[in-house]
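The primary structure of each chain is shown beneath.
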Amino acid sequence: QVQLVESGGGLVQAGGSLRLSCAPSGRTFSYHMGWFRQAPGKEREFVAAITRSGGNTDYADSVKGRFTISRDNAKNTVYLQMNSLKPEDTAVYYCAASLILSRQLKHFNYWGQGTQVTVSS
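Now for a look at the structure at hand. Just so it is clear, the model here is predicted, and its values are computed rather than measured.

## A short note on the side chain of Thr-77
Tracing the backbone through its elements, the reader meets Thr-77 in strand 8 (residues 77–82). Classification of Thr-77 by relative accessible area gives buried; the value is 12%. Looking at Thr-77, its side chain comes within polar contact range of the main-chain oxygen of Lys-75, at 2.9 Å. The contacts of Thr-77, once residues within four sequence positions are left out, are Ser-21, Cys-22, Ala-23, Ser-70, Arg-71 and Asp-72.

Printed below as a string of structure tokens:
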């Protein structure tokens, strides 16, 4: 069973930045990776995705130009750099792994436990 471990969440003021990290525990990992988020009372939504090689990325319109997904396969880690944060970015952020590059939750086989990001106004 693959476990994904996220880190890097926290409290930041609007306009600030955070970098989230995600790594699998205990084994080498080669999947397409995605970040999702879920705000209180809302459904979990797609944020960004990246292919195994890191050569292709995809972003939700709401974060395009502000967030950057990347991966370091030598370190077996995926990152989400979040800049120009807004209060509406407040949510629990989850990383997930998929065999196909997708925006749909149902295509992601493994999920992390989530990390809280809170943006104050």
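On we go from here.
## Re the pattern of salt bridges
A complete count under the given rule lists 5 salt bridges for this structure. Of the charged contacts, one joins Glu-45 and Arg-37 as a salt bridge, the two residues approaching to 2.7 Å between their closest N and O atoms. With a closest N to O distance of 3.4 Å, Lys-64 and Asp-61 form a salt bridge. The structure contains a network of salt bridges with shared partners spanning Arg-37, Glu-45, Arg-66 and Asp-89.

## Considering the nonpolar core
Core analysis: the biggest nonpolar cluster contains 33 residues, and Trp-35, Leu-80, Met-82 and Tyr-93 have the highest contact counts within it. Breaking this core down by element, the ones donating at least two residues are strand 3 (18–25), strand 4 (32–38), strand 5 (45–50), strand 7 (67–72), strand 8, strand 9 (91–98) and strand 11 (115–120).

## Topic: unusual backbone geometry
Non-glycine residue Asn-76 carries a positive phi angle of around 60 degrees. Tracing the sequence through the fold places Asn-76 in the loop between strand 7 and strand 8. Of note in this structure, Ser-84 is not a glycine but carries a positive phi near 50 degrees. With respect to the element layout, Ser-84 can be found in the loop between strand 8 and strand 9. Judged by relative accessible area, which is 41%, Ser-84 ranks as partly exposed.

Criteria and thresholds
- Numbers given for residues are sequential positions, taken from 1 along each chain in its written order.
- The model is predicted, so local features are restricted to residues of pLDDT at least 70 and side-chain atom pairs to those at 80 or more, both for listing and for counting; the totals for chains, interfaces and linings are taken over all residues.
- With hydrogens and water set aside, each side-chain value is computed from the structure's full complement of heavy atoms.
- In this text, helices come from DSSP runs of H or I with a minimum length of four residues, and strands from runs of E with a minimum of two, each type numbered from the N-terminal end.
- For every residue, the accessible area obtained with a 1.4 Å probe (protein chains only) is divided by the maximum for its type, and the residue is called buried under 20%, exposed over 50%, and partly exposed between those limits.
- Polar contacts, as counted here, are pairs of nitrogen or oxygen atoms within 3.5 Å of one another; within protein the pair requires one atom able to donate a hydrogen and one able to accept it, and residues that are adjacent in sequence qualify only if both atoms are side-chain atoms.
- Two residues form a contact once any of their heavy atoms are found within 4.5 Å.
- Should a side-chain nitrogen of Lys or Arg be within 4 Å of a carboxyl oxygen of Asp or Glu, the pair is scored as a salt bridge.
- Among buried residues, those of type Ala, Val, Leu, Ile, Met, Phe, Trp, Tyr and Cys that are joined through side-chain atoms within 4.5 Å constitute a nonpolar core.

All we've got here are geometric facts, nothing functional implied.
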